[in-house]
Amino acid sequence: MREELKKIYGIDLGTTYSCIAYVDEHGKPVIVPNAENERITPSVVFFDEDNVIVGNEAKANAVLASGQVVAFVKRAMGDPNFLFEYNGQNHKPEEISSFILRKLVKDAEQNTGEKITDVVITCPAYFGINEREATRIAGDIAGLNVRQIINEPTAAAISYGMAENTEKKVVLVYDLGGGTFDITMIDISPESIEVICTGGDHNLGGKDWDDAVIQYLVSQFQEETGITEDILDDPDTCQSLQLAAEKAKKTLSSRDKTRIPIVYGTEKAGIELTREKFDEVTENLLERTISLTKDMLEEAKKKGYSTFDEILLVGGSSRMPQVPERIKQELNVEPKLFDPDESVAKGAALYGWKLSINDELIKRVAAETGKSVEEIKEAPAEDIPEEVMEQAARTLADESGLTLGAVKSSRVEVKNVCSKSFGVVALERGETELVFNLVLKNSTVPVDVCQQFGTHEANQENVSVRIMENEVGEETILPEMAKEIGNGLLTIPPGLPANSPIEVTFKLNEEGRLDITALEVTDKRKLDMIIETDSILQGEELEEAKTRSQNIAVV
Ligand code: AMP
């Protein structure tokens, strides 16, 4: 009898659009359309009394019912100051994102007729600890088992690597989406997909191009009609301009010019926008992506990568002709537009498929060797004899109906880097407060590092350990350049002299989760630090959000 592999769905939880995929029995990723039969769903949430509407209908109401609609919530992930209030209830970004996930999952369940439990969700490579944790919690609130959070460019590279059956090459993934820009260098080979370096800006994306178009249209409208007031103050005009600007931008990806009708009260005008003008009003945005790309290339050089073979364009906004033109001019390589809307969700699904096959292989290796599944999971890969692995792969291929090649390809190793540096605040020579970075950005994860500090004075009662996240690749920096993402208090036994040793260990795993321990060495007093942060839902608040969510229908 054929044994069905557990399906782990891949979800691209995008700033403007989201998308869900799975891998079929032939090992091919398949996008599941939503209930409106669209392959991508606008990431817009509309609170409508007891229901929550997600997708196109919510997008159509974005400005008219602005008090009830949330768009671009991904830009607020991990932000402690973002709260959306509706009907007296405050919602954090992860709760709002959970509605987007529920819509994707519910529609996909209806479409495929099967229950979805396990998922891999993607996030920008540029996300820090809190943003990643918020993404995981969004899945948790939606009732999903989030098997892993992976980076969007890595997902795109997996999709590319598996689709093209590629030989060894170094690829730049230029990912310009609706709200974020990531630029990543990846070394792809048949055995592994290894991220070398990553950079970008999670506040730069297609929305900024739309805003630049809106500004231009408003100024042209004022010039043509003589109106001086700000026409964007009128919600109807604002709503229609937002939709029209995005539409005009997309039209200009295939035509040289377009006309945008604008109505404001009794005034009407048709504004012409040429591609040339569009390129001019958005030039600074495009240049920012180029400058971030150059920064990343400089970083890559430090890691010994001074050339690359290909540039892949992903993310809907890389369809704008200005993107490949400018990249070619700057880097002298013809970029390839690679499945810009769907490659991330497909890559996440392929990664989920890999996890699922791996689970099955581990079970068979355990059966073969007489060890427990846990023992096999924890054993270093080189401890498992190749012939045992080979046999497990054959058995699985026989039992599941997959080809042996497909089973083996799931063993491609994926290696990532962290996009931020992490450190603690300490006094330098007992004088100036500095951040000592234990983990530097673009280090290959997992990382396990330990550094010794000393108490400041004799008989010190405790040490406050402040964990800092930053984007500087240097070992010591000023605290103003970093963001505090957590803290804890380590109690010191009485009677110790000044400069008694305190050992701080940072363990950053493949998914970007950070475990911190501080050890007071003399008395071996250990502090396992949970990152305390008010920027993400936890504890009781999280349970309440889950219960609340279950009582709301998502349509
Ligand atoms: P993503 O987050 O990758 O789904 O990208 C969504 C962004 O891509 C939005 O800002 C869209 O307006 C933009 N986009 C999609 N198609 C096009 C197109 N043909 N031309 C220009 N921008 C596009």
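Residues numbered from 1 in each chain as written. Predicted model: local features only at pLDDT ≥ 70, side-chain atom pairs only at ≥ 80, totals over all residues. Heavy atoms only, no water.

Where do I start with the sheet that holds strand β20 (residues 421–428) in this structure?
Paired through their backbone hydrogen bonds, the strands of a sheet run either parallel or antiparallel. Within the open sheet, the five strands sit side by side as β25-β21-β20-β24-β26. Their pairing is antiparallel. Across the chains shown, the open sheet's two edge strands, defined by having one partner strand only, are β25 (476–477) and β26 (482–491). Bridging between β20 and strand β21 (residues 432–439) involves seven bridges; their strand directions are antiparallel. Looking across to β21, one finds that Phe422 is bridged to Val439. Sheet strands in contact with helix α3 (residues 129–141) are β20, β24 (462–470) and β26, and its direction is about 85° off that of β26. (Pairing = 2+ DSSP bridges. Helix = DSSP H or I, 4+ residues; strand = E, 2+ residues; numbered from the N terminus. Contact = heavy atoms within 4.5 Å. Axes fitted to C-alpha atoms, helices over the stretch in contact; angles between N-to-C directions.)

Is there a simple way to think about the side chain of Thr258 in this case?
Position of Thr258 among the secondary structure elements: in strand β15 (residues 257–264). Look past the residues within four positions of Thr258 in its chain and what remains in contact with it is Ala248, Thr251, Leu252, Ile271, Glu272 and Leu273.

Which parts of the structure should I look at to understand the pairing of strand β6 (residues 51–54)?
If a strand is regular, its side chains alternate between the two faces of the sheet. Pairing of strand β5 (residues 45–48) with β6, which is carried by four bridges, proceeds in the antiparallel orientation. Opposite Phe47, over in β6, you have Val52 as the bridge partner. Adjacent in sequence and paired antiparallel, β5 and β6 are bridged by two residues, among which Glu49 carries a positive phi angle near 55°. One ladder, built from two bridges, connects β6 with strand β30 (residues 553–554); its direction is parallel. What sits directly across from Asn51, in β30, is Ala553.

Honestly, the domain arrangement of the protein chain in this entry has me stumped. Any pointers?
How big an interface is tends to be reported as the loss of accessible area on association of its parts. When the domains of the protein chain are assigned, the result is domain 1 (9–165 + 342–346 + 539–554), domain 2 (206–281), domain 3 (352–415) and domain 4 (421–523). Measuring from the centre of the C-alpha atoms in domain 2 to the corresponding centre in domain 3 gives 56 Å. (Domains from an automatic or database assignment.)

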